[in-house]
Amino acid sequence: MEQIEQAWAGNVRMIRRNPDLLAVEMDGDLVMMSVERGEYFGVSGIGTRIWELLEQPHSFDALVDTLCSEYEVSDETCRADAAGFLDHLAANAMILVE
Amino acid sequence: MSLIGKVRLFAAKPSAMRLWFVPVWCLLGLARIAKSMLPFPQIAGYLGTTANPGATVSATPGQQARAARIGRTVRMAARHTPWTSDCYPQALAAVLILRLSRLPYIVTFGLQRDERDSDMLAHCWVTSGETIVCGGAESAVFRPVAAFISRRHRP
């Protein structure tokens, strides 16, 4: 977990969501289809807020700062959870890191 | 229905539909193969240009009538394949014929939450104007998440 965090934390590059993916709301979650993969993805909970924020480019730190201010969660937990979530997104070509 | 019954039913259909039946039947088989062998981005490119989910394409009444006939043939052929030709191969087959016929169409992919296990159910359907070509029987309950429009008719 720490290693994953390090990979994101040390990264000052900007993260934004893949503009080709259109997410639609379904029962409070977001669902979308990845044309690249021919697969469907669902995002729920804090992930929907992260997805919303990533419409604009964010550095990892800026993203975590915003989340920590909005959610009652420790900085450590927030960083770890966000890093894990971003890993999933990156693995499925759902975010661009530039 | 017995085999004889099916053959009689088939013989009673308009001759144009019967003419198309074999090619469409073959197309459904090809679609099944394409589905498993081709990467989806390639299939997506074949389907058309990306459009907003839930978008519609305008089609004249004449175009819609032709699209409807194509849809009936595809759906009928799908009932006669020894394998299951569900919404996706039907859409692939329908798109090919619609493209050859230069008819406007949109292919929409949608999702629905499965009540039983909170899993996601996926479906796809093809429309031309207000006419449903295939996959339409259940399309109303699915939430569109992606759509592809015929290239020559994109806005």
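Asker: Lay out the state of the cysteines in plain terms, naming residues and giving numbers.
Answerer: Summed over the entire model, instances satisfying the criterion amount to zero disulfides over all chains. The structure places no disulfide on A:Cys78, whose sulfur is separated from the nearest cysteine sulfur, that of A:Cys68, by 3.5 Å. Looking at the unpaired B:Cys124, the closest cysteine sulfur is the one in B:Cys87, lying at 3.9 Å. Given a relative accessible area of 1%, B:Cys124 falls into the buried group.

Asker: So what's going on with the environment of B:Thr108? Which residues, and what values?
Answerer: All names here are of chain B. Considering the arrangement of structural elements, one finds Thr108 in strand 2 (residues 106-113). Separated by 28 residues in sequence, Thr108 and His80 have C-alpha atoms that sit 24 Å apart. Contact partners of Thr108, with chain neighbours within four places excluded, come to Gly54, His123, Cys124, Trp125, Pro144, Ala146 and Ala147.

Asker: Quick rundown of the interface of chain A and chain B? Include the residues and the values.
Answerer: Many analyses report the size of an interface as the accessible area lost when the parts associate. Across the contact, 13 residues belong to chain A and 18 residues belong to chain B. The junction of chain A with chain B conceals about 1,300 Å² of combined surface from both sides, 74% of it contributed by carbon and sulfur atoms. For the chain A face of the interface with chain B, the top three residues by lost area are A:Met26, A:Val35 and A:Tyr40, together amounting to 42%. The interface formed by chain A and chain B holds two salt bridges in total. Put simply, B:Arg113 and A:Asp27 hold a salt bridge, and the shortest N to O gap is 3.3 Å. Taken together, the links from chain A to chain B amount to three residue pairs in polar contact (both at pLDDT 80 or more).

Asker: A description of the environment of B:Ala140 should follow, citing residues and the corresponding values.
Answerer: Residues and elements named next belong to chain B. Residue position: Ala140 is located in the loop between strand 4 (131-134) and strand 5 (143-149). For Ala140, a relative accessible area of 75% corresponds to the exposed category. With 30 residues separating them in the primary sequence, Ala140 and Gly110 have C-alpha atoms 9.6 Å apart.

Asker: Lay out the packing of helix 3 (residues 40-47) of chain B against helix 5 (residues 87-100) of chain B with the relevant residues and their values.
Answerer: Residues and elements named next belong to chain B. At their nearest, the axes of helix 3 and helix 5 sit 10 Å apart, and the two run at 40 degrees to each other. By the angle between their axes, helix 3 is oblique relative to helix 5. Contacts between helix 3 and helix 5 pair Phe40, Ile43, Tyr46 and Leu47 from the former with Tyr88, Leu92, Val95, Leu96 and Arg99 from the latter.

Asker: Go over unusual backbone geometry, please, and point to the residues and values.
Answerer: Residue and element names in this part refer to chain A. One non-glycine residue, Asp27, adopts positive backbone phi at about 55 degrees. As for its placement among the helices and strands, Asp27 is situated in the loop between strand 2 (24-26) and strand 3 (29-34). Here Asp27 falls in the exposed class, since its relative accessible area comes to 59%.

Asker: Could you give an account of the packing of aromatic side chains, with specific residues and numbers?
Answerer: Residue and element names in this part refer to chain A. What the rule picks out here adds up to six aromatic pairs over all chains. Both rings, one in Trp8 and one in Phe60, keep their centres 6.4 Å apart while their planes meet at 25 degrees; by these two values the pair is stacked. Of this pair, Trp8 sits in helix 1 (residues 2-9) while Phe60 sits in helix 3 (residues 60-70), and the two are 52 residues apart along the sequence.

Cut-off values and rules
Residues numbered from 1 in each chain as written. Chains lettered and ligands numbered in written order. Predicted model: local features only at pLDDT ≥ 70, side-chain atom pairs only at ≥ 80, totals over all residues. Heavy atoms only, no water. Disulfide = S-S within 2.5 Å. Buried < 20%, exposed > 50% of the residue type's maximum accessible area, 1.4 Å probe, protein only. Helix = DSSP H or I, 4+ residues; strand = E, 2+ residues; numbered from the N terminus. Contact = heavy atoms within 4.5 Å. Buried area = accessible area lost by both parts, 1.4 Å probe. Salt bridge = Lys/Arg side-chain N within 4 Å of Asp/Glu carboxyl O. Polar contact = N/O pair within 3.5 Å; in protein donor to acceptor, adjacent residues only side chain to side chain. Axes fitted to C-alpha atoms, helices over the stretch in contact; angles between N-to-C directions. Parallel < 35°, antiparallel > 145°, perpendicular 65-115°, else oblique. Phe/Tyr/Trp six-rings, centres within 6.5 Å; stacked < 30°, edge-to-face > 60°.

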